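Residue-level listing of the chains:
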Amino acid sequence: MFSANTMNAALRISRYAAPTAVLAFSLSPVTVEAKESAKPDVSAVKKSIADLIEDDAERRGDGTSLTGTFVRLAWHCAGTYSKVDGSGGSNGARMRFDPEASWGANAGLGIARNALEAVKEKHPDISYADLYTLAGVVAVEEAGCSTLNSCPACGRGPKIPFRIGREDADSGETSPKECGLPDADKGSRKNTNSARMGFNDREIVALLGAHALGRCHTDRSGYWGPWTFAENTFSNEYFRLLVEERWSPKMSHNGKPWDGPDQFEDSTGKLMMLPSDMVLVQDPAFRKVVELYAKDENAFFRDFASAFSKLLELGVTFPSTKPWYQFW
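Now for a look at the structure at hand. (Residues numbered from 1 in each chain as written. Predicted model: local features only at pLDDT ≥ 70, side-chain atom pairs only at ≥ 80, totals over all residues. Heavy atoms only, no water.)

## So, the pattern of salt bridges
Okay, so step 1: Considering all chains together, one arrives at 18 salt bridges under this definition.
Okay, so step 2: Across the pair Asp-303 and Arg-202 runs a salt bridge, and its minimum N-O distance is 2.4 Å. Residue Asp-303 is found in helix α12 (residues 297–313), and its partner Arg-202 is found in helix α8 (residues 201–208); the two are separated by 101 residues along the sequence.
Okay, so step 3: In this structure, Glu-244 engages Arg-240 in a salt bridge whose closest nitrogen and oxygen atoms are separated by 2.6 Å. One end of the pair is Glu-244 and the other is Arg-240, both in helix α9 (residues 237–244) and four residues apart, which spans about a single turn.
Okay, so step 4: A network of salt bridges, in which partner residues are shared, links Asp-56, Arg-59 and Arg-60. (Salt bridge = Lys/Arg side-chain N within 4 Å of Asp/Glu carboxyl O. Helix = DSSP H or I, 4+ residues; strand = E, 2+ residues; numbered from the N terminus.)

## Digging into helix α10 (residues 275–282)
Okay, so step 1: Taken across its eight residues, α10 has seven buried, putting it largely inside the fold.
Okay, so step 2: For α10, the set of buried residues is Pro-275, Ser-276, Asp-277, Met-278, Val-279, Leu-280 and Val-281.
Okay, so step 3: On the buried face of α10, the contacting elements are α8, α9, β7 (264–265), β8 (272–273) and α11 (284–295). (Buried < 20%, exposed > 50% of the residue type's maximum accessible area, 1.4 Å probe, protein only. Contact = heavy atoms within 4.5 Å.)

## Structural notes on the nonpolar core
Across soluble globular proteins, nonpolar side chains have a tendency to be buried as a group.
Okay, so step 1: Counting residues in hydrophobic clusters, the biggest one holds 76 residues, and the most contacted among them are Ile-49, Phe-70, Leu-116 and Phe-308.
Okay, so step 2: Counting residues per element, this core draws most heavily on helix α6 (residues 128–141), which supplies ten residues. (Core = buried A, V, L, I, M, F, W, Y, C linked by side-chain atoms within 4.5 Å.)

## Concerning the sheet that holds strand β4 (residues 248–249)
Okay, so step 1: Taking strand neighbours across the sheet as the criterion, the three strands line up as β4-β7-β8 in an open arrangement whose pairing is antiparallel. Across the chains shown, the open sheet's two edge strands, defined by having one partner strand only, are β4 and β8.
Okay, so step 2: Pairing geometry for β7 and β8, over two bridges, is antiparallel. If you follow Glu-265 over to β8, its bridge partner there is Met-272. (Pairing = 2+ DSSP bridges.)

The structure is reproduced here in structure tokens:
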């Protein structure tokens, strides 16, 4: 027979149990995890982004692509972060709204955001904040070639550590009051904003190596031209050219006087560097890193993968993987 105390205890427990539940008593710890919302298939999303880049490049047929634009999108979403007050960063995907959508530094990035709508429609579970940053990751990984993290024959860049969990904002109300992104027309150490974001010299130089991809457009930034002759290939060519080429102020364009903002060109007049690029060879500490990367692509790939992953996580609080409560 059960004692009265045992019967009362059983009745108290049964009040909180489902009618058909079978209760088991155990002295072992029991962990109860909260039910998680649907998570996107990151591999599937990455494939959709890669297909988008390839299909768009084929349609263009002029040697340009969304590769550099996607890297710039991810960089500019995250590069607003300030460690001083914790503002900015990729969380929220606030570039969809003003003021960030209207910042001059983000001119032309509406093209990238609009292109990614097809991916968002196909994979609705991924947040815009994760999608915009992941697009930059895919662009890097699918461009270039390295013996470090991929086969030289596969034409892929370094593997970028990435995790999902960013959330979307409903407006731009929480955007930083000032842009905070590096100004292309300023050639100074301070302009790199490395200290504001929390990067050391080696990290910020590695991040600027993303200029190996893409080009500038006069109808967007006002500047013109690519940084390298292989604008869809992620490599250390940007650093090699910085060190080995002779860069002079651009004075003309297509036979006419250059009336755009100050920029530099190589001896052929086909490549360009911004004032913010030139500081990397003018500043002695930066130049040491540039010279290293110009000689050692694997070192650049390793450092870029680490710094880019760090950049994309600035200001993001990822969901805890721990259970929300435990019985002991």
